[in-house]
Amino acid sequence: MRTRRLVLTAAAVAAIAATATACGPDNSDTSAAPAATGPAATGPAAPAAAPTTAAPAGAAPTKTTPPKSSAAPSAPAAPGADKSGYGQACGANDLDFTAKAETQAGGYILISAKAKQGITCTLPATHPVIAFGSGGIEAGPFEHGTGESITLSGAKTAYAGIMAKTTKGNQAVQYTDVVIGIGTPDPNPASVPVGTTPVDKPVVTNWHTLPKDAVPAS
């Protein structure tokens, strides 16, 4: 019994010693260097953001190409009075004609011709081609020579005189229009009203710049 008590007492002492050791002061080394507070304490630094590339001072701004318009191109401006495609020589369709009955020299028809607006063209130094009716009763030349060509533009006017009847008697045919061409043949002759006119062996003068020079009289 005594031996058992000694064994129990020894065990109790060992247990108390173990408890005292566990609860004693911390034997950790307090002289160790304090924890670092620098960048190493927080791990490696995050990589710096890539710098934004700024345009150098004074550099020209980037050119921006505007979007192409889908609208159809405007039509070009009308050329106004320009009709240069008609060429230099007058045709009947380049001219405005009037006809007037005159009493001088026994009666004749005075033809006036002006270039249409915007046209400049030249009349030949001879007479117009004159015909009456669908049958084509054509006027012969009153003047056998030639004069000077006439350039028409704006208000400038050329004149020619037609003697519709050069014969005696009553064998004339009545017409109300005269057909005028420039050159032979003229692809676009003009028909001009002259009123009821007796026609027989007609003649016509050359073109002139003065109406008094276009009188078909000897």
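A short tour of the structure in this document, coming up. (Residues numbered from 1 in each chain as written. Predicted model: local features only at pLDDT ≥ 70, side-chain atom pairs only at ≥ 80, totals over all residues. Heavy atoms only, no water.)

Description of the state of the cysteines
Here is step 1: Per the counting criterion, the structure on display carries 1 disulfide.
Here is step 2: Sulfur-sulfur distance for the disulfide between cysteine 90 and cysteine 121 comes to 2.1 Å. Looking down the S-S bond of the cysteine 90 and cysteine 121 bridge, the torsion is 90°, so its handedness is right-handed. With a gap of 31 residues between them, cysteine 90 in the loop between helix H1 (2-23) and strand S1 (95-102) and cysteine 121 in strand S3 (residues 121-123) connect regions that are remote in the sequence. An identical accessibility class is assigned to cysteine 90 and cysteine 121; each is buried. (Disulfide = S-S within 2.5 Å. Helix = DSSP H or I, 4+ residues; strand = E, 2+ residues; numbered from the N terminus. Buried < 20%, exposed > 50% of the residue type's maximum accessible area, 1.4 Å probe, protein only.)

Here we look at the pairing of strand S8 (residues 157-163)
Here is step 1: Most of S8 is tucked away, with 7 of its 7 residues classed as buried.
Here is step 2: Here S8 shows no split at all, with Thr157, Tyr159, Gly161 and Met163 on one side and Ala158, Ala160 and Ile162 on the other all buried.
Here is step 3: Strand direction decides the pairing type here: strand S2 (residues 108-115) and S8, joined by 6 bridges, are antiparallel. Bridged to isoleucine 109 within S8 is isoleucine 162.
Here is step 4: Examined bridge by bridge, S8 and strand S11 (residues 203-204) share 2 bridges and lie antiparallel to one another. The partner of isoleucine 162 across the bridge, within S11, is valine 204. (Pairing = 2+ DSSP bridges.)

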